[in-house]
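Read off the chains here:
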Amino acid sequence: MLAVHLVSFFFSKLQEDPTKKVDRFLYAMRLHDDQLKDISARFQAEMKKGLSAESNVTATVKMLPTHVRSTPVGSEKGQFLALDLGGSKFKVLQVKVREGMGIRRGGVEMEEKTYPIPGELLAGRGAELFDHVSESLKDFLHEKNISLEKKHPLAFTFSFPCEQSTLDQGKLLNWSKNYQVRGFQGKDVVQALREAIDRTGGMNIEVLAMVNDTVATMMTCGFDDNYCEVGLIIGTGTNACYMEELRHVDLVEGDEGRMCVNTEWGGFGDDGALNDYITEFDKDVDAASNNPGKQIFEKMVSGMYLGELVRLVVLKMAKQGLLFDGFVSHALRTKGKITTADVASMEEYKNGLKNTKDILTGLDLNPSPDDCIAVQHVTTIVSFRSSNLVSAGLAAILTRIKQNRNLRALRITVGVDGTVYKTHPQYPKRLHKVVRRLLPECHVRFVLSDSGSSKGAALVTAVAQRLASQRRKVDETLSPFRLSHEQLQLVKARMRTGLEAGLKTKGPSAIKMLPSFVYHTPDGTEHGKYLGLDLGGTNFRALLVKFKKGLQNNTRLYHKLYTIPQEIMQGTGEDLFDHIVDCISDFLDYMGLKNARLPAGFTFSFPCEQTAIDTGTLVSWTKGFKATDCEGHDVVSLLREAIKRRNEFDLDIAAVINDTVGTMMSCAYEDPQCEVGLIAGTGSNVCYMEEKNLGDAKIQKMCINTEWGGLGDDGSLDDIITPYDVEVDQNSFNNGKQRFEKLTSGMYLGEVVRQVLLDLTRGGLLFRGHVTEPLKTRGIFETKYLSQIESDRLALLQVRSILQGLGLESTCDDSIIVKEVCGAVSRRAAQLCGAGMAAVVDKIRENRGLDHLNITVGVDGALYKLHPHFSGVLQETARVLAPQCNVTFLPSDEGSGKGAALITAGAILKKKM
C-alpha cells in the first residue's frame, strides 16, 4: 500500500513540473550532438555540391562567389559612400578608412542616416524602389554638405541572394525577408542602381562594389581581427560566408588564392535534406509563408520565424488542454502576434517569467505560474534548436576550412551580426558552447560587428582598391622580366654574333668558344673499364663505367657522391685537389681497385683552354669556387700532383672535358643524332659539334664548349638586365662576369627572386611591409624553392609553409605574389636559354647548308630536370625562334661522368691505333 502511495506521490510531482510536458511535446526539436554532426555532414555535402559547376544548378546551398579575394590587412585607405539595403529600412553612410589603423579599433569613421522604405515599395516595381534609394542618397549628400560635383566611390550592401560575375555586378536570384518587388528577378542590381542615380541626376557616383550583408560583416570584423575569415548573420534572416580556396570554386576562373563564398545557407533543406528533422510546426510556418518550400533552414533558424514557431507550439498545446486550461484567445490564433523580440524577452535571466506573463496577458490569456514556466520553456527549446542548427552549419564550414588547409587545429574568428544574436540574452553563449563542443580541435573566436554591414561594404571597396593598386605595382616590378618575342629575337642574334666572334677571335671574347679536342661522338666500339671523375658544383662524383663492345644499352655504372665543403671551394688549390684525391682514394677502396692503374676521364665543369684532350688550363672559376693558385694552371697537372702527394694509387688521366661535353657524349651514346649538350643547373652552358672556323683544315668536326654564360660581359645584354640582376652581380664572387649565367642558372635565380621580394616588401606590397632578417640574408632563397613553389600540385598553404620555414610569415595574397615572382624569374631564364639554343641549332643548320635540321640536345642539370615548367618553356622558345630546326631534348640519365668515360675510351682506342 505504501508503495502505491509513493508511486502516486512521485507521479503527481512529475505532473507538477510544467517543463516536462513541454519536453515531451517538443522532443523532435531537442537535438543531441550525434544529430547535429549528421546535419553538419549533410551541409558539408551540400556545400561541395554548390561549389561544383556540374551540380550547382540543383544545389540548395548556392555557394555564390562574391569576387571578394582578400580580407583587410590594415593598409586600406580612402573615403567612400555606402548604401545598406536589406530590411524594412536602409542606411546611407559616409565611411572614412584611415591607412595604418586596421587590425585594431579606431581606423574607420562613419556618418550615417537611416531612411524608411514605404510598404508599397516592397511589393512595387524595381525602378520605384531604386529611385527611392537614389533620392535618399542625394538627400544625404545635401544634409552632410558632401560635394555633388566630386566623384564618390560607392559600396552597396544588398542582402539578398545574387549571382555575381564581378565585384560590381550581380543578378538577383530571388527576394526574401518579405520583399516581393516585381519584375526584378534575374536583373543586374548594380546596373539598376546606376540607372536610378542617373535618373535622379546631380550626383557623381561610381558604384565599385556590391556585397552581401554577411560578407560585409566578415570584412568589418576582419578590419580589427586578421583571423576573421567567416561571416555569420542571425537576424531577420540568416546566412554565412567564408574564405574558400579559389581552386574549389568552379564558377570562377583561376585557382590561385581565396575568394569569399556566400553560402546562402537559408536554402538548405529545400530538397528534402532536412525532412527527418522538420516538425509539424515548421511545416505550418512554411505553408503560411510568402515562399512555401523555399528557405527551409532559414525558417527553422531566423528571427523572422522564431516568434511564429513559438506561437504555433503554444496554440497547439492550448488546444490540447496543456496550457491555459484549454482556453485559446483570438490573439493567440492570429499570425505574427508573438515576435522574436518577445522570445528574447521571455528568456531574459531575471525578468523572463514576468515578461512571459505580460506577453501572454497581452494576448488576452490568463496564464498560471506553471503556464508561464511552460511557455518560457517552449521559447527556450525553439531558440536553442535555432542556435544548434546554426552551430551545425558553422561546424561544417569550419571543418571545410580546416580540411582545405590541411590543418590539425584551426584558429579562426567568426564575425557575427543580426538582431537575434545581438538581442537574445542566451543565444550567443549557446552557439559558442555547441560549436566548441562539436569542434574541440578548433580555437574559434566570435566577434560582434559593432558597425553593421555598411562599414564592411566600404572595406570591400577599400580592399579592392588596395589589391588593384598592388596588382599594378607588382606588374610594374615584374614587367622587365617578361620578355617580348622581339627581345628574345635580339638575344638570339646577339648569341649568334657572340658564337661567331668567339670562334674567330684569338684574344678575349665574351663567349669563349673553347675547343674540347673531342672530334666525334660515340660509335658503339667503346669497351673496357674506365674511371670517371666529375667536379662541377658543390659535389664531386667518382664513377666506374664498364662498356661492352657493340652493346650500347649494356653499360654497367657504379658511382659515389662526395660533398665539397665551402671552405675547400674557397680555400687553396692544393687543399681542393687533395680533397678530390681523398674522395678518389675512398672510391677505389670501395670498389676494390686501389692497385689497378685505370684510365680516367676528368669532367671539370669550369672554363678551360685546351691544347689537347688531356690538358686544360683553368680560365676562371665560376659557381662560387674561388680556390687560389688554380686559374692559369693546367687542372690535369694539379690533379696528378695531388695523386703523387697522396702516393697511394696511380691513374692514367687520358681526357679532361667540360660537363656539357660529357652530357652530350653520354646522350650521343643513346642517340646518334645528339650533337649538342646543354647544362641547366647550378651553372648554364652549351657545347655543340662545330664544322667550320676550326683553324685547321685537317679537322672536319670538333665539339666546341661555348661557355655561353659570358654573353653580356661586354654589355650586350644591358637592355634586358634589371636592377635586381645588377644587385646580384655586384654581390657575387665574379662581379661583371658570367652575366648570361647569372640570368639563367640555378646558382643565381633564387637570389634574384629574393632581391625582388625584398623590393616589394620595402614597398609595402608583401609581408605587410615587414623586412625581416631572413629576407635580408643573401642566399637564403635557394633555387630549389622556385621548383617547389611553382609546382602545379602545390597548394598555396604549402607555399606558405615553405616561406614560414624561411622565417617569412605570409598571407594567402603574399603566397600568390611570391609564386608569381618565382614564375617570372624562372620563365625569363628558360626563355633566354631557349633563345640561346635557337642560335646554336640555327648555326649548325646553316653550317651544313640545310633548309631543315633534325637534331638532338643532351640535357643535364637540376633546373631542367626538377623545375616544373623550365623545360617546357625552353623547348617552346627554341621551337618558335628556330622554326627550321626540329630539336629533340634528351635528358641525361647518368650525367657527364659517363661522357668522360666514353671520351677516355675513345682516346685510349685512338692511342692503340
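What counts and what doesn't
- Residues numbered from 1 in each chain as written.
- Predicted model: local features only at pLDDT ≥ 70, side-chain atom pairs only at ≥ 80, totals over all residues.
- Heavy atoms only, no water.
- Phe/Tyr/Trp six-rings, centres within 6.5 Å; stacked < 30°, edge-to-face > 60°.
- Buried < 20%, exposed > 50% of the residue type's maximum accessible area, 1.4 Å probe, protein only.
- Lys NZ or Arg CZ within 6 Å of the ring centre and 35° of its normal.
- Salt bridge = Lys/Arg side-chain N within 4 Å of Asp/Glu carboxyl O.
- Helix = DSSP H or I, 4+ residues; strand = E, 2+ residues; numbered from the N terminus.
- Axes fitted to C-alpha atoms, helices over the stretch in contact; angles between N-to-C directions.
- Left-handed = near helix turned anticlockwise from the far one by under 90°.
- Contact = heavy atoms within 4.5 Å.
- Nonpolar A, V, L, I, M, F, W, Y, C, P; charged D, E, K, R; others polar.
- pLDDT = per-residue confidence, 0-100.
- Patch = residues over 30% accessible without salt bridge, like charges linked within 9 Å, V, L, I, M, F, W, Y side chains within 5 Å.
- Areas by Shrake-Rupley, 256 points an atom, 1.4 Å probe, with all protein chains shown as cover.
- Lys, Arg positive; Asp, Glu negative; His and termini not counted.
- Charge placed at Lys NZ, Arg CZ, Asp CG, Glu CD.
- Expected span 1.5 Å × (residues − 1).
- Arc of directions from axis to C-beta.
- Pairing = 2+ DSSP bridges.
- Disulfide = S-S within 2.5 Å.
- Polar contact = N/O pair within 3.5 Å; in protein donor to acceptor, adjacent residues only side chain to side chain.

What about the packing of aromatic side chains?
Next, step 1: Within the structure shown, the criterion is met by 26 aromatic pairs.
Next, step 2: Taking the centre distance of 5.9 Å and the plane angle of 70 degrees together, the rings of Phe781 and Tyr785 count as edge-to-face. One exposure class covers both Phe781 and Tyr785, and it is buried.
Next, step 3: The ring of Tyr590 carries Lys560 above its face, with NZ or CZ at 4.7 Å from the centroid.

Some remarks on the pattern of salt bridges
Next, step 1: Following the criterion strictly, the structure yields 56 salt bridges and no others.
Next, step 2: The closest approach of N and O atoms between Asp23 and Arg30, which form a salt bridge, is 3.1 Å.
Next, step 3: Overall, the relative accessible area of 43% leaves Arg30 in the partly exposed class.
Next, step 4: Across the pair Lys776 and Glu773 runs a salt bridge whose closest N-O atoms are separated by 2.9 Å. Taken together, the residues Lys776 and Glu773, both in helix H24 (residues 773–776) and three residues apart, mark about one turn of the helix.
Next, step 5: Since its relative accessible area comes to 42%, Lys776 is described here as partly exposed.
Next, step 6: In this structure, a network of salt bridges that share partners links the residues Lys492, Arg496, Glu500, Glu690, Asp842, Lys843, Arg845 and Glu846.

Considerations on the packing of helix H18 (residues 573–591) against helix H19 (residues 635–646)
Next, step 1: Their axes nearest at 9 Å, the elements H18 and H19 cross at an angle of 65 degrees. Here the hand of the crossing between H18 and H19 comes out right-handed. Packed against H18, whose contacting residues are Glu574, Phe577, Asp578, Ile580, Val581, Asp582, Ile584 and Ser585, the element H19 presents Val635, Leu638, Leu639, Ala642, Ile643, Arg645 and Arg646 at the interface.
Next, step 2: A per-class count over the contact of H18 with H19 returns nine nonpolar, one polar and five charged.

Here we look at unusual backbone geometry
Trans peptide bonds make up the majority, and among non-glycine residues the majority have a negative phi.
Next, step 1: In this model, Phe517 sits at a positive phi of 65 degrees, which is unusual for a non-glycine residue.
Next, step 2: Position of Phe517 among the secondary structure elements: in the loop between strand E14 (514–515) and strand E15 (528–535).

Quick look at the confidence of the model for the protein
Next, step 1: For the protein, the mean per-residue pLDDT works out to 88, and 94% of the residues sit at or above 70.
Next, step 2: When pLDDT is averaged over each helix and strand of the protein, the minimum, 44, is found for helix H1 (residues 2–16) and the maximum, 97, for helix H29 (residues 870–881).
Next, step 3: Low pLDDT (under 50) marks residues 1–14, which in the prediction has one contact with non-local residues, meaning those over four places away or in another chain.
Next, step 4: Counting contacts from residues 101–106, a segment whose pLDDT is below 50, to residues more than four positions away or on other chains yields 17 contacts.

Structural notes on a negative patch on the surface
Next, step 1: Taken together, the side chains of Glu574, Asp575, Asp629 and Glu641 define an acidic patch exposed on the protein surface.
Next, step 2: For Glu641, the position within the fold is in helix H19.
Next, step 3: Look at Glu641 and you get partly exposed, because its relative accessible area is 42%.

What about helix H5 (residues 189–200)?
Next, step 1: Taking 1.5 Å of rise per residue, the twelve residues of H5 would be expected to cover 16 Å, and the 17 Å separating its terminal C-alpha atoms lies within 8% of that figure.
Next, step 2: Burial in H5 covers these residues: Val189, Val190, Ala192, Leu193, Ala196 and Ile197. Buried residues in H5, looked at end-on, bunch into an arc of 160 degrees, giving them a common side.
Next, step 3: Next to the buried residues of H5 lie strand E2 (78–85), helix H4 (126–143), strand E5 (152–158), strand E6 (162–166), strand E7 (169–172) and strand E8 (205–211).

A look at the sheet that holds strand E10 (residues 238–245)
Next, step 1: Pairing in this open sheet of six strands is mixed, and the strands run E1-E11-E10-E9-E12-E13 from one edge to the other. Two strands bound the open sheet, and with one partner strand each, they are strand E1 (64–65) and strand E13 (442–448).
Next, step 2: Its contacts with the sheet put helix H14 (residues 427–438) on strand E9 (228–234) and E13, and the angle it makes with E13 is roughly 160 degrees.

Things to note about the environment of Leu83
Next, step 1: Structurally, Leu83 can be placed in strand E2.
Next, step 2: Note: C-alpha distance between Leu83 and Phe540 (457 residues apart in sequence) is 69 Å.
Next, step 3: Leu83 has contacts with Phe90, Lys91, Val92, Val133, Leu137, Leu154, Ala155, Phe156, Thr157 and Leu193, leaving out every residue within four places of it along the chain.

Thoughts on the state of the cysteines
Next, step 1: Counted by the stated rule, this structure contains zero disulfides.
Next, step 2: Its sulfur unpaired, Cys228 is 5.0 Å from the next cysteine sulfur, which belongs to Cys221.

Thoughts on the sheet that holds strand E25 (residues 853–860)
Next, step 1: Taken in spatial order, the six strands line up as E14-E24-E23-E22-E25-E26 in an open sheet, and their pairing is mixed. A single partner strand is all that each edge strand has here, and the edge strands are E14 and strand E26 (885–891).
Next, step 2: Summarising the sheet, strand E23 (residues 684–690) and strand E24 (residues 702–705) pair through four bridges and their orientation is antiparallel. Bridge assignment links Tyr688 to a residue of E24, and that residue is Ile704.
Next, step 3: The strands touched by helix H20 (residues 659–668) are strand E22 (674–680), E23, E24, E25 and E26; relative to E22, the strand with the most contacts, the crossing angle is about 130 degrees.

Things to note about the side chain of Asn734
Next, step 1: With respect to the helices and strands, Asn734 occurs in the loop between helix H21 (723–730) and helix H22 (739–744).
Next, step 2: At 3.4 Å, the side chain of Asn734 forms a polar contact with the side chain of Ser732.

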